[in-house]
Amino acid sequence: MIDEKFDAIVIGAGMAGNAAAYTMASRGLKVLQLERGEYPGSKNVQGGILYADMLEKIIPEFRNEAPLERRLIEQRFWFMTDKAHTGMHYRNEDFNEEKPNRYTIIRSQFDRWFARQAQEKGAILLCETTAIELIQDAYGKVVGVRTDRSGGPIHADVVVLAEGVNGLLGARSDLRPRPTAQQVALAVKEMHFLPPEVIEARFNLKSDEGAVIEAAGTISNGMTGMGFIYTNKESISVGIGCLVSDFAENETSPSELLEAFKKHPSVAPLIAGSEVKEYAAHLIPEGGYKAIPQLFGNGWVICGDAGQLNNAIHREGSNLAMTSGRIAGEAIFQVKSRREPMNADNLALYKKMLDESFVLKDLKKYKDMPELLHTQAQNLFLTYPQLVSKAMENFVRVDGKPKIEKEKDTVTRFRKARGTFGLIGDAFRLARAWR
Amino acid sequence: MSLEGQFQKVEEKLFQNRYMVDSGQPHIRITPHDKPSKNLLAMTHLCPAGCYSVAESGQVELTADGCLECGTCRVLCEESGDITWNYPRGGYGILFKFG
Ligand SMILES: Cc1cc2nc3c(=O)[nH]c(=O)nc-3n(C[C@H](O)[C@H](O)[C@H](O)COP(=O)(O)OP(=O)(O)OC[C@H]3O[C@@H](n4cnc5c(N)ncnc54)[C@H](O)[C@@H]3O)c2cc1C
Ligand code: SF4
């Protein structure tokens, strides 16, 4: 099908793949990008918050043209019980700055735009094309890929595996393991359409301003998981995700969990009267630092979700994907400029640069968090939200009971649920994992 | 906790989506079995698109047309050989309008 040899083949036109293709193409490398979807983004799901800084490092003027939904000026955290939520709202007028820091995006639109930028720099994009196999030479060096299109293999000096969390290629060639059920969360999400004025009134926003809500508590049925509500221009993204291992153990249906979340008395009024136009599901890597596989080898590098480069604690994924794609592109360009071979020794530069970036520094910081969240799921997602809710109720409900008794009641409830040592232990474990 | 019966059915949700179905070419296949494994049986609850169901004879069946390609069944059931998991052909399968 394609006779010429490329400097690099990029698998996937998601965040990582587009960043890598753009970085390499804009430095003059001959890049072929393969995407299995009808168009970039047609297979991709995100909440989705876009972190501006990481995109700015790739396309500084992106704000002029990228399809952005709303700039985020407010972040809410909700601790939920069946009928209540205890919330923390952080809103700051400074977020209306000239170059806002976070936006909501819709991936099918954003990915198309991002891929087009790479194409304008000279990358060749083939959609509706699934890479089905990596080709290795006699020494095990990856030298190209085979696709499901007619025609023979396509060759390149290096293959960038930006195939996402559910990528098959790397796993099939034993370059990385298939993620385990403890290392991935399954998220389901719906798009609820409403007129912009209605969204703005319900969330107390001016036009183009946005707010996002992250919610944890009894909504996940004691599983390690979170719900989210994000405002777009004319729609609200509502979703919930939990670890696959927890879903399997609890035999809970994700779609029903989402329905229950939508019906929660704190959530329902926000989306009332909306028209739902899509129901999506996707995995999120949550294994953290310890789950990161080998990220480079002879003729290959792994970027983004495919390498578990995802910070579940901060709900950051696309920025780590973009940054790892950019860094991979820069490293490959450096090796190429030195006219050196794309072998493991030289591509180790990618890992070295990644180690020095926020990507691996952040993931390292929270290396113990996934285990903690998993083993303490019942306490963190069921017991504590209920205790906090009861404490708040004791505080605000005026019913003639002396305050001293109410405070005692609150303390007793906490002690009873977790024990004094349990409480100290929980605080200690959390602090240590957070540090 | 079972939430069954109270909410909108998955099939109704899938109606809102856009698919390009590759007729006769299911991308996921269940290995013939007498008695389903624990994980395969769990998929009848877990699959977000409700693709897995239990037949009267007790085996687990799959209709992959509404598959959202999330990969959950791959994570739980591929290694054990309960299923084989492939992508649909390029351009086929779920096509997210928003994502
Ligand atoms: C519900 C949800 C909410 C999220 N919210 C946020 C958020 O608010 N902020 C944030 O930063 N992150 C968020 N994330 C995480 C974020 O979406 C991911 O981290 C990010 O998409 C990873 O980018 P990627 O390029 O590594 O993978 P992907 O975006 O998954 O891209 C992989 C691409 O490769 C293609 N592909 C795979 N295999 C092949 C093949 N063999 N041949 C051809 N093409 C192939 C796929 O079609 C796809 O386009 C969220 C994720 C989910 C599921
Ligand atoms: S990939 Fe996801 S949606 Fe498709 S059958 Fe498996 S679990 Fe269901």
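Keep in mind the model is a prediction, meaning the values are calculated, not measured.

Trainee: What's the story with the site of ligand 1 in this structure? I'm lost.
Mentor: Near ligand 1 you find 40 residues, and of these A:Glu35, A:Ile49, A:Arg107, A:Asp305 and A:Ser318 are the closest. Around ligand 1 the close residues trace back to chains A and B. Contact between ligand 1 and A:Arg107: an oxygen atom at 2.7 Å from a side-chain N or O atom of the residue. Coverage of ligand 1 by the protein amounts to 97% of the 1,000 Å² it exposes when considered alone.

Trainee: I'm lost on the packing of aromatic side chains in this one. Help?
Mentor: Note on aromatic pairs: each is described by the distance of the centres and the angle between the planes. All names here are of chain A. Within this structure, the stated rule accounts for nine aromatic pairs over all chains. Here Tyr90 and Phe95 contribute two aromatic rings whose centre-to-centre distance is 5.9 Å and whose plane-to-plane angle is 80°, an arrangement assigned as edge-to-face. Where Phe110 meets Trp113, the ring centres are 5.6 Å apart and the plane angle is 50°; that geometry is what we call tilted. Here Trp113 and Phe110 lie together in helix H3 (residues 107-120), a separation of three residues that amounts to about one turn. Exposure remark for Phe110: the relative accessible area of 0% places this residue in the buried category.

Trainee: What am I meant to see in the nonpolar core here?
Mentor: In a soluble, globular protein the nonpolar side chains are often hidden away together inside. In terms of nonpolar packing, the biggest core is built from 72 residues, with A:Phe62, A:Phe114, A:Leu309 and A:Tyr350 touching the most fellow members. The residues contacting A:Phe62, other than those within four sequence positions of it, are A:Leu50, A:Ala52, A:Leu55, A:Glu56, A:Leu68, A:Tyr103 and A:Trp113. A:Ile73, A:Val165, A:Phe261 and B:Ala49 belong to the second largest nonpolar core, which has 61 residues in total.

Trainee: Looking at this structure, I do not really get the state of the cysteines. What am I missing?
Mentor: Residue and element names in this part refer to chain B. Tallied over the entire structure, the rule returns zero disulfides over all chains. Lacking any disulfide linkage, Cys51 is separated from the closest cysteine sulfur, that of Cys47, by 3.9 Å. Given a relative accessible area of 6%, Cys51 falls into the buried group. Here Cys77 stays free of any disulfide, with the sulfur of Cys73 as its closest cysteine sulfur at 6.6 Å. Relative accessible area serves as the criterion here: at 0%, Cys77 is assigned to the buried category.

Trainee: How should the pairing of strand S11 (residues 184-193) of chain A be read in this particular structure?
Mentor: Each regular strand shows side chains that alternate between the opposite faces of the sheet. Residue and element names in this part refer to chain A. Counted residue by residue, S11 has 10 buried out of 10 residues, so it is predominantly covered. The alternating pattern of S11 places Val184, Leu186, Val188, Glu190 and His192 on one face and Ala185, Ala187, Lys189, Met191 and Phe193 on the opposite face, and all of these are buried. By the bridge criterion, 10 bridges tie S11 to strand S15 (residues 275-285) in an arrangement that is antiparallel. Opposite Met191, over in S15, you have Glu278 as the bridge partner. In this sheet, strand S14 (residues 235-243) lies alongside S11 in antiparallel orientation, the contact comprising nine bridges. Across the sheet, Leu186 pairs through a bridge with Cys242, a residue of S14.

Trainee: Which parts of the structure should I look at to understand the confidence of the model for chain B?
Mentor: Detail in the predicted coordinates should be disregarded across regions flagged by low pLDDT. Mean pLDDT over chain B: 92, with 94% of residues reaching 70 or higher. Scored by ipTM, the complex comes to 0.94, with pTM at 0.94.

Procedures and definitions
Residues numbered from 1 in each chain as written. Chains lettered and ligands numbered in written order. Predicted model: local features only at pLDDT ≥ 70, side-chain atom pairs only at ≥ 80, totals over all residues. Heavy atoms only, no water. Near = heavy atom within 4 Å. Polar contact = N/O pair within 3.5 Å; in protein donor to acceptor, adjacent residues only side chain to side chain. Areas by Shrake-Rupley, 256 points an atom, 1.4 Å probe, with all protein chains shown as cover. Phe/Tyr/Trp six-rings, centres within 6.5 Å; stacked < 30°, edge-to-face > 60°. Helix = DSSP H or I, 4+ residues; strand = E, 2+ residues; numbered from the N terminus. Buried < 20%, exposed > 50% of the residue type's maximum accessible area, 1.4 Å probe, protein only. Core = buried A, V, L, I, M, F, W, Y, C linked by side-chain atoms within 4.5 Å. Contact = heavy atoms within 4.5 Å. Disulfide = S-S within 2.5 Å. Pairing = 2+ DSSP bridges. pLDDT = per-residue confidence, 0-100.

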